[in-house]
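Geometric and topological summary
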Amino acid sequence: AQSVSQHNHHVILSEAASLELGCNYSYGGTVNLFWYVQYPGQHLQLLLKYFSGDPLVKGIKGFEAEFIKSKFSFNLRKPSVQWSDTAEYFCAVASGGSYIPTFGRGTSLIVHP
Amino acid sequence: DAGVIQSPRHEVTEMGQEVTLRCKPISGHNSLFWYRQTMMRGLELLIYFNNNVPIDDSGMPEDRFSAKMPNASFSTLKIQPSEPRDSAVYFCASRVEQGGNQPQHFGDGTRLSIL
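Residues numbered from 1 in each chain as written. Chains lettered and ligands numbered in written order. Predicted model: local features only at pLDDT ≥ 70, side-chain atom pairs only at ≥ 80, totals over all residues. Heavy atoms only, no water.

**A closer look at the nonpolar core**
In this structure, Trp 35, Leu 48, Leu 76 and Tyr 89 of chain A are the most contacted members of the largest nonpolar core, which totals 28 residues. Contributions of two or more residues to this core are made by strand 2 (10-14), strand 3 (19-21), strand 5 (31-38), strand 6 (44-50), strand 8 (64-68), strand 9 (73-78), strand 10 (87-95) and strand 12 (107-112) of chain A. Sequence-distant contacts of Leu 48 of chain A, defined by excluding residues within four places in its chain, comprise Leu 33, Phe 34, Trp 35, Val 57, Lys 58, Gly 59, Phe 63, Glu 64, Ala 65, Phe 74 and Leu 76 of chain A. Formed by 21 residues, the second largest nonpolar core is a distinct cluster that contains Ile 26, Met 60, Phe 65 and Ala 88 of chain B. (Core = buried A, V, L, I, M, F, W, Y, C linked by side-chain atoms within 4.5 Å. Buried < 20%, exposed > 50% of the residue type's maximum accessible area, 1.4 Å probe, protein only. Helix = DSSP H or I, 4+ residues; strand = E, 2+ residues; numbered from the N terminus. Contact = heavy atoms within 4.5 Å.)

Take a look at the structure:
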């Protein structure tokens, strides 16, 4: 079964700091990869996705992620965070015949103004 | 686009009572997912429907939980009898099936508290 690891459970940054959140998965075949964001009290929203092509994917709000197949990783990055980026971030991997996404445990990001 | 609509937004009830959560997926989406989110376990998939048919219900905790999708525009998740450990936020999500490369669209969730 697919497993998804987000090693950073809690991240605290100051505004303008750079961000990188790790995501690793276990399945070695074809995968579709997603990052979702959940603002406090809200539902999950898509930040970006990868399923083929350029492994460097750009999403909304200045976020980007890089798919490194050899490392089974799909890390999320942002060069300069803002207070409004305070949220929970989830990595999800869809694979196998039904492509049911498996979610990581999430990373809580707090950005201090 | 109205998005995925869930009701109720909040539910507080006593243990032993029946709880019914409702979901209306986005029109045209043919897959529907029910998730449970808790601090301890994160986001857990409970059940997945494709074209109204349950495909994977391996995440349903036990017989107290049941889910139905009588048509393409409506699904329910029922807990009977409810227990305090069922307290969580329950999310419904839908997507268009297209080889798994389409993102899921989530509802606002139902915050369930069982006393």
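The structure having been displayed, the exposition proceeds.
**As for unusual backbone geometry**
Working note: non-glycine residues mostly have negative phi, and peptide bonds are mostly trans. Here the residue pair Ser 7 of chain B and Pro 8 of chain B is connected by a cis peptide bond, since its omega of -10° sits within 30 degrees of zero. Residue placement: Pro 8 of chain B occurs in the loop between strand 1 (5-7) and strand 2 (10-13). Each neighbour pair has its own omega, and for Gln 80 of chain B with Pro 81 of chain B the value is -10°, a cis peptide bond. Phi is positive for Ala 16 of chain A, which is not a glycine, with a value near 80°. Here the phi dihedral of Phe 72 of chain A falls at roughly 50°; this positive angle occurs in a residue that is not glycine. As for its position among the elements, Phe 72 of chain A is in the loop between strand 8 and strand 9.

**Considerations on the interface of chain A and chain B**
Accessible area lost upon the coming together of the parts serves often as the stated size of an interface. Each side of the interface is counted separately: chain A has 19 residues, and chain B has 24 residues. Of the roughly 1700 Å² buried where chain A meets chain B, counting both sides, 55% is carbon and sulfur surface. Its largest share of buried area at the contact with chain B, chain A owes to His 43, Ile 100 and Arg 105 of chain A, together 30% of the area lost on that side. Across the contact surface, chain A and chain B share 0 salt bridges. Broken down by secondary-structure element, the contributors of at least two residues to the side of chain A that touches chain B are strand 5, strand 6, strand 10 and strand 11 (100-103) of chain A. Counting residues per element, the side of chain A that touches chain B draws most heavily on strand 5 of chain A, which supplies 4 residues. Of the residues assigned to the side of chain A that touches chain B, the class counts are 11 nonpolar, 6 polar and 2 charged. (Buried area = accessible area lost by both parts, 1.4 Å probe. Salt bridge = Lys/Arg side-chain N within 4 Å of Asp/Glu carboxyl O. Nonpolar A, V, L, I, M, F, W, Y, C, P; charged D, E, K, R; others polar.)

**Observations concerning the sheet that holds strand 7 (residues 65-71) of chain B**
All names here are of chain B. Spatial ordering of the open sheet is given by 1-3-8-7, a layout of 4 strands whose pairing is antiparallel. A single partner strand is all that each edge strand has here, and the edge strands are strand 1 and strand 7. With strand direction ignored, the average angle separating the axes of adjacent strands in the sheet is 15°. Judged from the 3 bridges that link them, strand 1 and strand 3 (residues 19-24) form a sheet pairing that is antiparallel. Across the sheet, the residue bridging to Ser 7 is Arg 22, located in strand 3. (Pairing = 2+ DSSP bridges. Axes fitted to C-alpha atoms, helices over the stretch in contact; angles between N-to-C directions.)

**Focus: the packing of aromatic side chains**
Residue and element names in this part refer to chain B. Per the counting criterion, the structure on display carries 12 aromatic pairs over all chains. Judged by centre distance (6.4 Å) and plane angle (85°), the ring pair of Phe 91 and Phe 106 falls under edge-to-face. Linking Phe 91 in strand 9 (residues 88-95) with Phe 106 in strand 10 (residues 105-106), this pair joins segments that are 15 residues apart in sequence. In this structure Phe 91 comes out as buried when scored by relative accessible area, which is 2%. (Phe/Tyr/Trp six-rings, centres within 6.5 Å; stacked < 30°, edge-to-face > 60°.)

**Things to note about the pattern of salt bridges**
Pairs may arise between side chains of opposite charge once their charged atoms sit close together. All names here are of chain B. Throughout the structure, instances matching the rule amount to 14 salt bridges over all chains. For Asp 86, the salt bridge is made with Arg 64, and the minimal N-O distance between the two is 2.7 Å. In this pair, Asp 86 sits in the loop between strand 8 (74-79) and strand 9 while Arg 64 sits in the loop between strand 6 (53-56) and strand 7, placing the two residues 22 residues apart along the sequence. Accessibility classification places Asp 86 together with Arg 64 in one group, the buried group. What emerges from the salt-bridge pattern is a single network uniting Glu 62, Arg 64, Glu 83, Arg 85 and Asp 86.

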